[in-house]
Amino acid sequence: MTTAYVNGRYIAQRDAAVHINDRGFQFADAVYEVFAVQDGKLVDVEAHLDRLDRSLSELSIPQPMSSRQALKLVMREVLRRNRIEYGGLYLQVTRGVAPRDFPDPGGLEPTVVMTAWRTQPFDAETAMRGAKVVSAPDIRWKRCDIKTVQLLAGVLAKTDAHARGAAEAWLLDETGFVTEGSASNAWIVTYDNELITRHTDTAILGGITRQTVLKLAAQNGLTYIERPFSLEEAKAAREAFTTSSTMMVRPVVQIDDTAIANGETGAFTRQIIELYGAYMRGGTI
Ligand code: PDD
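Criteria and cut-off values
Chains are numbered independently. Their residues run from 1 in the order of the written sequence. Restriction of local features to residues with pLDDT of at least 70 applies here, the model being predicted, together with a cutoff of 80 or more for giving and counting side-chain atom pairs; totals for whole chains, interfaces and linings are based on all residues. Just so you know, side-chain values use all the structure's heavy atoms and leave hydrogens and water out. Being near a molecule or strand, for a residue, comes down to having at least one heavy atom within 4 Å of it. A 3.5 Å cut-off defines polar contacts: any pair of N or O atoms within that distance qualifies, except that in protein one atom must be a possible hydrogen donor and the other a possible acceptor, and neighbouring residues in sequence count only when both atoms are side-chain atoms. A run of DSSP states H or I qualifies as a helix once it reaches four residues; a run of E qualifies as a strand once it reaches two. Both are numbered from the N-terminal end. Ten residues, namely Ala, Val, Leu, Ile, Met, Phe, Trp, Tyr, Cys and Pro, are considered nonpolar, four, namely Asp, Glu, Lys and Arg, are considered charged, and the remaining ones, Gly among them, are considered polar. Domains are outlined according to an automatic or database domain assignment. Buried residues are those whose accessible area, probed at 1.4 Å on protein chains only, stays under 20% of the maximum for their type, while exposed residues exceed 50% and partly exposed ones sit between those limits. Residue contacts follow a heavy-atom distance rule, with two residues in contact if any of their heavy atoms lie within 4.5 Å. In short, buried area is how much 1.4 Å probe accessible area vanishes from two parts on joining, totalled over both. The term salt bridge refers to a side-chain nitrogen of Lys or Arg lying within 4 Å of a carboxyl oxygen of Asp or Glu. Pairing between strands requires that DSSP locate at least two bridges from one strand to the other. Orientation is described by axes fitted as lines to C-alpha atoms, over the contacting stretch for helices, and by angles from 0 to 180 degrees between their N-to-C directions.

Undergrad: Provide a residue-level description of the site of the ligand, including the pertinent values.
TA: Around the ligand, the structure places 20 residues, and the nearest of them are Tyr32, Glu180, Ile208, Thr209 and Ser245. The separation between a nitrogen atom of the ligand and a polar side-chain atom of glutamate 180 is 2.6 Å. Between the ligand and isoleucine 208 there is a distance of 2.8 Å, counted from an oxygen atom to a backbone nitrogen or oxygen. Residue assignment for the shell around the ligand shows that the elements contributing at least two residues are β3 (30-38), α2 (45-58), β9 (178-181), α6 (208-219) and β13 (239-244). Per-class residue counts for the shell around the ligand are five nonpolar, eleven polar and four charged. There are two domains that each give the shell around the ligand at least three residues, and those are domain 1 (3-118) and domain 2 (124-282).

Undergrad: Now, about unusual backbone geometry: what can you tell me, with residues and values included?
TA: Notably, arginine 83 is not glycine yet its phi reads approximately 50°, a positive angle. Among the structural elements, arginine 83 can be located in the loop between α3 (68-81) and β5 (87-94). Residue arginine 83 is classed as exposed on the basis of its relative accessible area, which comes to 63%. Residues other than glycine seldom take positive phi values, yet methionine 248 does so here, at roughly 55°. Locating methionine 248 in the fold gives a position in strand β14 (residues 248-255). Note on methionine 248: relative accessible area 12%, which makes it buried.

Undergrad: Break down the domain arrangement of the chain for me, citing the residues and quoting the values.
TA: Assigned domains within the chain: domain 1 (3-118) and domain 2 (124-282). One C-alpha centre belongs to domain 1, the other to domain 2; they are set 26 Å apart. Listed as interface residues are 22 residues of domain 1 and, on the opposing side, 22 residues of domain 2. Carbon and sulfur atoms make up 58% of the surface buried where domain 1 meets domain 2, a total of about 1,800 Å² over both sides. Together, Tyr32, Asp44 and Arg51 form the three largest contributors to the area buried by domain 1 at its contact with domain 2, with a combined 32%. The interface formed by domain 1 and domain 2 holds two salt bridges in total. Salt-bridge contacts for glutamate 58 lead to arginine 143; the nearest nitrogen and oxygen are separated by 2.9 Å. Linking domain 1 with domain 2 are ten residue pairs in polar contact (both at pLDDT 80 or more). Those elements that provide at least two residues to the side of domain 1 that touches domain 2 are β3, α2 and β5. For the side of domain 1 that touches domain 2, the leading source of residues is β3, giving seven residues. Within the side of domain 1 that touches domain 2, the residues separate by chemical class into ten nonpolar, five polar and seven charged.

Undergrad: Please give an account of the sheet that holds strand β6 (residues 111-118) that cites residues and values.
TA: Taken together, the six strands give an open sheet; going across it, the order is β2-β1-β6-β5-β3-β4, and neighbouring strands pair in antiparallel fashion. The sheet is open, and its two edges are formed by β2 (9-12) and β4 (41-42), each paired on a single side. Bridging between β3 and β4 involves two bridges; their strand directions are antiparallel. When the sheet's bridge partners are listed, valine 37 is paired in β4 with leucine 42. On top of the sheet, α3 reaches β1 (3-6), β2, β3, β4, β5 and β6; it is set at about 35° to β6, its chief contact.

Undergrad: Give me the pattern of salt bridges: which residues, what numbers.
TA: Counted by the stated rule, this structure contains 21 salt bridges. Between aspartate 160 and arginine 164 there is a salt bridge whose closest N-O contact spans 3.1 Å. We classify arginine 164 as partly exposed; its relative accessible area is 41%. Each of Glu46, Asp50, Asp53, Arg68 and Lys72 takes part in salt bridges that share partners, so that together they form one network.

Undergrad: How would you summarise the pairing of β14 if you had to cite specific residues and measurements?
TA: Note on strand geometry: in a regular strand, side chains alternate between the two faces of the sheet. Extensive coverage of β14 is indicated by the burial of six of its eight residues. The sheet contact formed by strand β7 (residues 131-137) and β14 spans three bridges and is parallel. When the bridges of β14 are listed, valine 133 appears paired with isoleucine 255. Examined bridge by bridge, β13 and β14 share five bridges and lie antiparallel to one another.

See the structure below:
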């Protein structure tokens, strides 16, 4: 039986529910995190919870629990009850329940929901298989740095990407620069062996996998630059990949109809995958 957590209760997932006047349901007035689980441990748990704190504070949603420790206790319990060694954990915090009306009435008790699932353990060989991405206009709002559940633009872009045989959509701003993926951060490697990913600001989500890959690059003497790159530059790049807690480091070997270099996962990306795999095996909870 799959167990979910809803507002203080562990409950069979098929019976788990929130109120129809939950502001998360009515207005996407809610934030979330997705954690990878490897060897029973939540990867980069503190960094994810730091980002959750920031998302909550940007939207003035109060902390849902008395302490981070309490939150982590529940997260661990959800993993334990579902016997998750390898997989993921989803955590959503909404502003709470109130009769439907736009203004925040204040004083609401946040809703907390958690679910967890299993995946195959990280395997570098599988992870090195290249994927196709397609470009799509970035039609999202102007605060993509906040991890809200308002994900409709990403849903539409990724659905269209899948229909076109691609694993992900890379989103383009109005000047033709890649902001990020529909649910991942975008990277290229230049022919000067520089790792490029867009700088963080309000146009993209500061991915935790992105942050970790930058740290691993620095520790291993790889050159990286945080700057925007265009779709044209990406198509002409030596290598490309996309990162998220669920896709981890996914090689990109084709963008739209253009193969990246020889259309195979490159050496630089392979090195990043190896480094990330090793890092995850030492993850924390
Ligand atoms: N999404 N950018 C966007 C728009 C995302 O939705 C995500 C992750 C990322 C990567 O962030 P991180 O490395 O912290 O997972 C970047 C999650 C996985 C999701 O919505 O399922």
